[in-house]
Amino acid sequence: MSEQNFQTLGEFIIDKQEDFLYSTGELSRLLSAIRLASKMVNRQVNKAGIANIIGKVGSENIQGEEQQKLDVLANEIFIEALSQREVVCGIASEENDDYIEVKTGPNAHLSKYVVLIDPLDGSSNIDVNVSVGTIFSIYRRVTEPGTPVGIEDFLQKGVNQAAAGYVVYGSSTMIVYTTGNGVNGFTLDPSLGTYYLSHPAMKFPEIGKIYSINEGNYAKFPQGVKDYIKYCQEEENDRPYTSRYIGSLVSDFHRNMIKGGIYIYPSTSQSPNGKLRLLYECNPMALLAEQAGGKCTDGFRRILEIEPTELHQRVPFFCGTTEMVEKVEEFMQKYK
Ligand code: P6P
């Protein structure tokens, strides 16, 4: 089928607009702003190897991680694209210590949405040319429109998300997102700058045989995780499974959703809450996983039901094919 017969992301957003309760077109404009920003980041990611933006800016973010220039640039691009269109009243980012109240014009504070982003997840892979991604999470504000946005607008359970998704800057660039009616994937044609619907109604396969975890931390894992890793490696029934770990959550998740698999970033003896951040990594990926028929927990609790207490809080993360998540939970339960 020739390209012009595929639905574009812009057409899809408009077509699905009536799915949003009391649709005013605001969420559509928000998603369009994310689409634009993703193309601008994609352009920078694709030339990172040659432009002088590679390497470190010498500054650190709240996580104490050295900020790669592309991290900082991606953050600026998304914040600018979202703020200038007054489609959100507030933004929180992995790269910013506190949330941002959007005051670019007379209408921003009337917007009913806030966005939380990890503008360039997996950025340690940038200078070795491995895939990276952007993760976004969208909520309706809980404070009164017209009043200043507050922390309570961001500290919402993941189950309240209005939309969530990611951009994967890989062998091709894709946007994958949900507004609560399934998961759809769009691939960018860079020659046109147009995203086309390439992966409609994405679903985890019933069976998964890929496990993604940084086994270098094996000695620090909880016993239940150690037991599960050994289970994956046993020669029995459909095992051993395949170990695949890119070191980029978006890429590992994307592959596992297409092929079937589980991604685990558990607590360790050094980091009792693991590494991944609840609000702008775990919650959006958890909504996508559940919308695609998968499961996502912290080893015991549904991620989407966790009550947030801090903007940058971390949680252990088990996400993917339902039967694989339930199997590792069985091992975790033994040592509860
Ligand atoms: P480690 C990237 O920093 C990230 O947040 C995820 O994208 C990735 O899966 C994980 O951390 C990698 O962490 O400790 O295995 O290098």
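Residues numbered from 1 in each chain as written. Predicted model: local features only at pLDDT ≥ 70, side-chain atom pairs only at ≥ 80, totals over all residues. Heavy atoms only, no water.

## Considerations on the domain arrangement of the protein
Reasoning step 1: When the domains of the protein are assigned, the result is domain 1 (9-202) and domain 2 (210-334).
Reasoning step 2: A straight line from the C-alpha centre of domain 1 to that of domain 2 covers 23 Å.
Reasoning step 3: Opposite the 49 residues of domain 1 that make contact, domain 2 presents 33 residues.
Reasoning step 4: At the boundary of domain 1 with domain 2, total buried surface from both sides reaches about 3,000 Å², with 63% on carbon and sulfur atoms.
Reasoning step 5: For domain 1, the biggest contributors to the area lost against domain 2 are Leu155, Lys157 and Tyr166; these three give 21% of the whole.
Reasoning step 6: The interface formed by domain 1 and domain 2 holds two salt bridges in total. (Domains from an automatic or database assignment. Contact = heavy atoms within 4.5 Å. Buried area = accessible area lost by both parts, 1.4 Å probe. Salt bridge = Lys/Arg side-chain N within 4 Å of Asp/Glu carboxyl O.)

## Concerning the site of the ligand
Reasoning step 1: The environment of the ligand is formed by Asp121, Gly122, Asn214, Tyr245, Gly247, Ser248, Leu249, Tyr263, Tyr265, Lys275, Leu276 and Glu281.
Reasoning step 2: Tyr245 is positioned such that a nitrogen or oxygen atom in its side chain is 2.6 Å from an oxygen atom of the ligand.
Reasoning step 3: At a separation of 2.7 Å, an oxygen atom of the ligand approaches a polar backbone atom of Leu249.
Reasoning step 4: Relative to its unbound accessible surface of 400 Å², the ligand loses 82% to contact with the protein.
Reasoning step 5: Counted by class, the shell around the ligand contains five nonpolar, four polar and three charged residues. (Near = heavy atom within 4 Å. Polar contact = N/O pair within 3.5 Å; in protein donor to acceptor, adjacent residues only side chain to side chain. Areas by Shrake-Rupley, 256 points an atom, 1.4 Å probe, with all protein chains shown as cover. Nonpolar A, V, L, I, M, F, W, Y, C, P; charged D, E, K, R; others polar.)

## Quick look at the pattern of salt bridges
Reasoning step 1: Scanning the model with the defined rule gives 13 salt bridges in all.
Reasoning step 2: Of the charged contacts in the structure, one is a salt bridge between Glu305 and Lys157, with a shortest N-O distance of 3.3 Å. With Glu305 in the loop between strand 14 (295-297) and strand 15 (317-320) and Lys157 in the loop between strand 6 (132-140) and strand 7 (163-169), the pair connects residues that are 148 residues apart, well separated along the chain.
Reasoning step 3: A residue is classified by how much of its surface remains accessible, and Glu305, at 36% relative accessible area, is partly exposed. (Helix = DSSP H or I, 4+ residues; strand = E, 2+ residues; numbered from the N terminus. Buried < 20%, exposed > 50% of the residue type's maximum accessible area, 1.4 Å probe, protein only.)

## Here's the deal with the UniProt feature "binding site: Mg(2+) 1" (unreviewed entry) in the protein
Reasoning step 1: This chain's UniProt record puts "binding site: Mg(2+) 1" (unreviewed entry) on Glu94, Asp118 and Leu120. In sequence the annotated residues extend across 27 residues, while in space they remain close, none of their C-alpha pairs exceeding 9.0 Å.
Reasoning step 2: Relative to the assigned elements, Glu94 resides in the loop between strand 3 (90-93) and strand 4 (100-101).
Reasoning step 3: A relative accessible area of 4% means that Glu94 is categorised as buried.
Reasoning step 4: Assignment of secondary structure puts Leu120 in strand 5 (residues 113-121).
Reasoning step 5: With a relative accessible area of 1%, Leu120 lands in the buried category.
Reasoning step 6: Residues contacting Leu120, with those up to four places away along its chain left out, are Val41, Val45, Leu70, Asp71, Ala74, Ile126, Val132, Gly133, Thr134 and Tyr169. (UniProt positions renumbered as here; feature names shortened; annotations may be inferred.)

## A few points about the pairing of strand 9 (residues 183-189)
Reasoning step 1: Here strand 9 lies mainly inside the structure; six of its seven residues are buried.
Reasoning step 2: Both strand 8 (residues 173-178) and strand 9 contribute to a ladder of five bridges, which runs antiparallel. Looking at the pairing, Tyr177 lines up with Asn184 of strand 9.
Reasoning step 3: When strand 9 meets strand 10 (residues 194-199), the two strands line up antiparallel, connected through five bridges. (Pairing = 2+ DSSP bridges.)

## Looking at the UniProt feature "domain: Fructose-1-6-bisphosphatase class 1 C-terminal" (unreviewed entry) in the protein
Reasoning step 1: Under the UniProt annotation, "domain: Fructose-1-6-bisphosphatase class 1 C-terminal" (unreviewed entry) lies at residues 205-333.
Reasoning step 2: What you have in residues 205-333 is 37% helix and 12% strand, and the ends, taken at the C-alpha atoms, are 25 Å apart.

## Remarks on the nonpolar core
Reasoning step 1: Among the nonpolar cores identified, the biggest contains 41 residues, and Leu30, Leu82, Val88, Leu120, Ile138 and Tyr177 are the most heavily contacted of them.
Reasoning step 2: Dropping the residues within four chain positions of it, Leu30 is found in contact with Leu82, Val87, Val88, Tyr113, Val115 and Ile138.
Reasoning step 3: Within the second largest apolar cluster, 31 residues are counted, among which are Tyr166, Phe253, Met285 and Leu288. (Core = buried A, V, L, I, M, F, W, Y, C linked by side-chain atoms within 4.5 Å.)

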